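Given next are the chains, with one letter for each unit.
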Amino acid sequence: MERKTVKLFSFLLWTILLAGVSAIHSEASTITSSDRVASSVPIREKPTAKSTAIGKLERGKQIEYLGEVPNWYWVRLDAQRKGYVHKAWTRFVNVADAGPTSPGFIAPLSTTMKPLEIHFIDVGQGDSTLLVCPNGNRILIDAGSSAHGSRDDVRAYLLGVLDRGERTLTALVVTHPDLDHYNFLPDILRGVTVKQLLRTGDEEDFDDKFVSWLHTIPASRQQILYEKNYDKEDKPNTKLACGDAKIHILAAAIPTTRRGASNFIKNSLSTVLMVRYGTFRAILTGDATFDTEDAILKRYSSDWLQSDILKMGHHGSRSTSTSDEWATAVRPKIAIASAGYHSKHGHPSGEVVERLATFTVDHEAHPLTYAQGTSPYKWVEHEAYKEAIFSTSDSGNIVITTDGTKYDTRYVPFED
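Residues numbered from 1 in each chain as written. Predicted model: local features only at pLDDT ≥ 70, side-chain atom pairs only at ≥ 80, totals over all residues. Heavy atoms only, no water.

Colleague: Outline the pairing of strand β20 (residues 334-337), supporting the account with residue identities and numerical values.
Modeller: Every second residue of β20 is oriented toward a common face, with I334 and I336 on one face and A335 and A337 on the other, all of them buried. Alignment of strand β19 (residues 309-311) against β20, held across three bridges, turns out to be parallel. Residue pairing in the sheet places I309 in a bridge with I334 of β20. Between the parallel elements β19 and β20, the chain passes through helix α9 (residues 324-330) in a crossover that is right-handed. Of the strand pairs in this sheet, β20 and strand β23 (residues 389-391) are connected by three bridges, and their pairing is parallel. Each bridged residue has a counterpart across the sheet, and for A335 the counterpart in β23 is I389. (Buried < 20%, exposed > 50% of the residue type's maximum accessible area, 1.4 Å probe, protein only. Helix = DSSP H or I, 4+ residues; strand = E, 2+ residues; numbered from the N terminus. Pairing = 2+ DSSP bridges. Right-handed = clockwise from strand over helix to strand, strands pointing away.)

Colleague: Outline the sheet that holds strand β17 (residues 272-277), listing residues and values.
Modeller: Strand order in this open sheet of six strands is β16-β17-β18-β19-β20-β23, and the pairing throughout is mixed. Two strands bound the open sheet, and with one partner strand each, they are β16 (246-251) and β23. This sheet shows a mean twist of 15° between the axes of neighbouring strands, independent of strand direction. Bridging between strand β18 (residues 280-284) and β19 involves two bridges; their strand directions are parallel. From the neighbouring strand, A282 faces β19, where its bridge partner is I309. (Axes fitted to C-alpha atoms, helices over the stretch in contact; angles between N-to-C directions.)

Colleague: Tell me about the sheet that holds strand β12 (residues 171-174), and name the residues and values.
Modeller: Pairing is mixed across the open sheet formed by eight strands, whose spatial order is β15-β14-β12-β10-β9-β8-β24-β25. Edge positions in the sheet fall to β15 (222-224) and β25 (407-412), since each of these pairs with one other strand and no more. Neighbour-to-neighbour, the strand axes of this sheet turn through a mean angle of 20°, independent of strand direction. One ladder, built from three bridges, connects β12 with strand β14 (residues 197-199); its direction is parallel. Looking across to β14, one finds that V173 is bridged to L198.

Colleague: Describe the packing of aromatic side chains, with residues and values.
Modeller: Ring pairs (aromatic) are described by centroid distance and by the angle formed between their planes. A complete count under the given rule lists 10 aromatic pairs for this structure. For the pair Y65 and Y73, a centre-to-centre distance of 6.0 Å together with 75° between the ring planes defines the contact as edge-to-face. Using a relative accessible area of 7% as the deciding quantity, one classes Y65 as buried. For Y73, a relative accessible area of 10% translates into the label buried. Following the ring pairs from residue to residue traces out a cluster consisting of Y182, F206, F210 and W213. (Phe/Tyr/Trp six-rings, centres within 6.5 Å; stacked < 30°, edge-to-face > 60°.)

Colleague: Just give me the short version of unusual backbone geometry, but keep the residues and values in it.
Modeller: Cis geometry marks the peptide bond from H347 to P348; its omega dihedral reads -10°. Along the polypeptide, P348 turns up in the loop between β20 and α10 (350-357). Put simply, S375 and P376 share a cis peptide bond, and its omega is 0°. Tracing the backbone shows P376 in the loop between β21 (362-372) and β22 (378-387). Unusually for a residue other than glycine, H314 sits at a positive phi of about 50°. Relative to the elements of secondary structure, H314 occurs in the loop between β19 and α9. Here H342, not a glycine, exhibits a phi torsion of approximately 50°, which is positive.

The values reported here are purely geometric and, on their own, carry no functional implication.
Structure representation (structure tokens):
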């Protein structure tokens, strides 16, 4: 009886929620995909990313609006079927887009400069970033997950990008030996050629499956990074070749100063990269800790570190990463957390979000979920957050495209 009662209560709660909000947009009876969607948006049976896909909302098509719940619109597929589409990828047809207003979001991009793409891939609670360089080179930074991630989805997404040319990675960077940064790699890179692999840590720091896969790559193509391996401001890395975009290793294998703090030991080893293209700058951090950040701040000037994009260190953790000093030096216009929905670690932290919001630019409304306090966390869910701070748990795959001056951001859902 208790289980039936819970189910009945849940049904009534959803009904009340839908009835209560359906009148909010009474004049807007249809939903369409956002202009940032490349092809289609999945329609789910229930308002959760893990729910079964029961259809698609194709780009440019419209579908009847029935109501909404946090982060999702309730829509009608046909006379018999109803489902949910995520608000991050859709909009009301008769509501004009507010549109980006900050200088960083001026469109269109140049038609003469070849673009640089940065794909922040939704791996759940984990990390994966793919660079598509102006000259066509592809560089993958990490691919792993500890929760809510799908190897099949990530492989399909990766191959969808690689299949624009050859299934080849110019380079693979494994930032550090934490499972949620590398455990997808042996599976998603089947049949993909890796020309160069850079990593920190010893083999015994990784699991057996990854080590076995590692041995399939010739030793001549591998480089283990140490604390001494970082690039000066005027000398970008030569192995991480990205055409007119230049990549710098800012830090790698930094030892931790925090004795007894096991979560700092591997995270502090994280390789941190800066990507520079024209006047555009992006910093990709792995799980960089306060020690890693301090090492970088001592090596480079704050003016040189100031960036358009910052991938938050350690998924947006407040206890290990993104110090006040680091945030003030980088001053990102856009900040991105790679995290799972309601992460058991409280990622991203509201404290970090608030710290970065001092610098980020205004952006069109989008969902953002973050944790407050310590475990058990209080989760804050914004349906229409207007700072340029994103989490893959809310927005899915996030793609930044730049011509070296202007840039834009779009959301690309996994194809079902």
